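If you want the building blocks of each chain, they are given just below.
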Amino acid sequence: MSQKGSNMTTTTKDLTGAGKQVHARSANNWSDPAFPKSGWVIEDVADLKLETDSGIGVCDHYKNCEMCGHEHIRYAAALFHPEKGLELLAGRRCTGRLTGIPDDVESLFRAMRLRGQRYDRFKKKAWQSLPEGIELSLRDATISVRPRRGMWDVICTPKAKDKAERLGGADTLEEAKKVAFDLYEVMKGRW
Ligand SMILES: [Zn+2]
């Protein structure tokens, strides 16, 4: 996922909590006077449903905002507090307040939500079974997924001649479909 916004660092992609200390969940950190309410930066943002579907990580589709306890958030930011060394998974509103850049956060989450909606529509499209793999025919591209040496090649071929073919690979068929979506998004110049 590409990074947008003003105070982001390089992606660490890890919203699953693996390898890093995630702040212990409490019902509402806003009411805890000792909990820092500013000085947070965004490390990464994620559509948790999309991350799960890609087979990356082990998180559930939806999580709870670790700041306010809001349940079942699909779009989340991994926040980091450099001074305190804390990490936190937060929803849109809490991310806006904790980072002090609510407008940037709004547009970032809006872009993520629109992409999520495109992904949901993409997921519903019917793939065709072919002897050499599966294929998805879209208005402006054809996407092929073919097995190769226990893995999957993903080829996104635009129908417009002036656009380049995009290639990807995946370990599983499910992940390959997610890669197909990513390639298609890149081809369309989105995200
Ligand atoms: Zn929250």
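Here, the structure is the one placed above.
Attention in this report is confined to the structure presented alongside it. (Residues numbered from 1 in each chain as written. Predicted model: local features only at pLDDT ≥ 70, side-chain atom pairs only at ≥ 80, totals over all residues.)

1. Description of the overall build of the chain
Here is step 1 of the chain: Scanning the chain for helices and strands turns up 4 helices and 8 strands.
Here is step 2 of the chain: Ordering the α and β elements of the chain from the N terminus gives β-α-β-β-α-α-β-β-β-β-β-α.
Here is step 3 of the chain: Of the contacts made within the chain by residues no fewer than 6 positions apart, 54% connect residues no fewer than 24 positions apart. (Helix = DSSP H or I, 4+ residues; strand = E, 2+ residues; numbered from the N terminus. Contact = placed C-beta atoms within 7 Å.)

2. Section: the environment of Asp44
Here is step 1 of the chain: Mapped onto the secondary structure, Asp44 falls in strand β1 (residues 41–47).
Here is step 2 of the chain: Note on Asp44: 19 C-beta atoms within 10 Å, which makes it partly exposed.
Here is step 3 of the chain: On a C-alpha basis, the gap between Asp44 and Ala76 in space is 8.5 Å, while along the polypeptide they are 32 residues apart. (Buried ≥ 20, exposed ≤ 12 C-beta atoms within 10 Å, placed from the backbone.)

3. Observations concerning the sheet that holds strand β3 (residues 86–90)
Here is step 1 of the chain: Taken together, the 3 strands give an open sheet; going across it, the order is β1-β2-β3, and neighbouring strands pair in antiparallel fashion. A strand with exactly one partner marks an edge of an open sheet, and here the two such strands are β1 and β3. Averaged over neighbouring strand pairs, the angle between their axes works out to 20° when direction is ignored.
Here is step 2 of the chain: Pairing analysis gives 6 bridges linking β1 to strand β2 (residues 75–81), with the strands arranged antiparallel. Of the residues in β2, the one forming a bridge with Ala46 is Ala76.
Here is step 3 of the chain: Where helix α2 (residues 92–99) meets the sheet, it contacts β1, β2 and β3, and its direction lies at approximately 25° from that of β2.
Here is step 4 of the chain: Here helix α3 (residues 102–123) sits on the sheet and contacts β1 and β2; the angle it forms with β1, its principal contact strand, is near 15°. (Pairing = 2+ DSSP bridges. Axes fitted to C-alpha atoms, helices over the stretch in contact; angles between N-to-C directions.)

4. Quick word on unusual backbone geometry
Here is step 1 of the chain: The phi dihedral of His72 falls on the positive side, at around 55°, and the residue is not glycine.
Here is step 2 of the chain: With respect to the secondary-structure elements, His72 resides in the loop between α1 (48–53) and β2.
Here is step 3 of the chain: Backbone geometry at Arg149 places phi at a positive 50°, although glycine is not the residue there.
Here is step 4 of the chain: Considering the arrangement of structural elements, one finds Arg149 in the loop between β6 (141–148) and β7 (151–158).

5. Let's talk about the sheet that holds strand β4 (residues 128–130)
Here is step 1 of the chain: Taking strand neighbours across the sheet as the criterion, the 5 strands line up as β4-β5-β6-β7-β8 in an open arrangement whose pairing is antiparallel. A strand with exactly one partner marks an edge of an open sheet, and here the two such strands are β4 and β8 (166–170). Across the sheet, the axes of successive neighbouring strands diverge by a mean angle of 20°, strand direction being ignored.
Here is step 2 of the chain: As paired strands, β4 and strand β5 (residues 133–137) are joined by 3 bridges and run antiparallel to one another. Among the inter-strand pairings, Ser129 is bridged to a residue of β5, identified as Ile134.
Here is step 3 of the chain: Seen against the sheet, helix α4 (residues 173–187) touches β5, β6, β7 and β8 and runs at an angle of roughly 25° to β7.

6. Let's talk about α2
Here is step 1 of the chain: Within α2, burial applies to Arg92, Cys94, Thr95, Leu98 and Thr99. Burial along α2 is one-sided: seen end-on, the buried residues are contained in an arc of 165°.
Here is step 2 of the chain: Structurally, α2 contributes buried residues whose contacts are with β1, β2, β3 and α3. (Arc of directions from axis to C-beta.)

7. Observations regarding the pairing of β7
Here is step 1 of the chain: Bridging between β6 and β7 involves 8 bridges; their strand directions are antiparallel. Its bridge partner lying in β7, Ile143 is registered against Cys156.
Here is step 2 of the chain: Connecting β6 to the antiparallel partner β7 that follows it, the hairpin turn spans 2 residues, and Arg149 within it adopts a positive phi of roughly 50°.
Here is step 3 of the chain: Here β7 pairs with β8 via 5 bridges, running antiparallel. Residue pairing in the sheet places Asp153 in a bridge with Gly169 of β8.

8. Focus on the nonpolar core
Here is step 1 of the chain: Ranked by size, the top nonpolar core spans 22 residues in total, and within it Val45, Met67, Ala76, Ala77, Leu79, Ala90 and Leu98 carry the most contacts.
Here is step 2 of the chain: The greatest single-element share of this core, amounting to 5 residues, is contributed by β2.
Here is step 3 of the chain: The residues touching Leu79, leaving out its near neighbours within four places in the chain, are Trp40, Val41, Ile42, Glu43, Glu87, Leu88, Ala90, Thr95 and Leu98.
Here is step 4 of the chain: Among the nonpolar cores identified, the runner-up in size contains 13 residues, and Trp152, Val154, Ala180 and Met187 belong to it. (Core = buried A, V, L, I, M, F, W, Y, C linked by C-beta atoms within 7 Å.)

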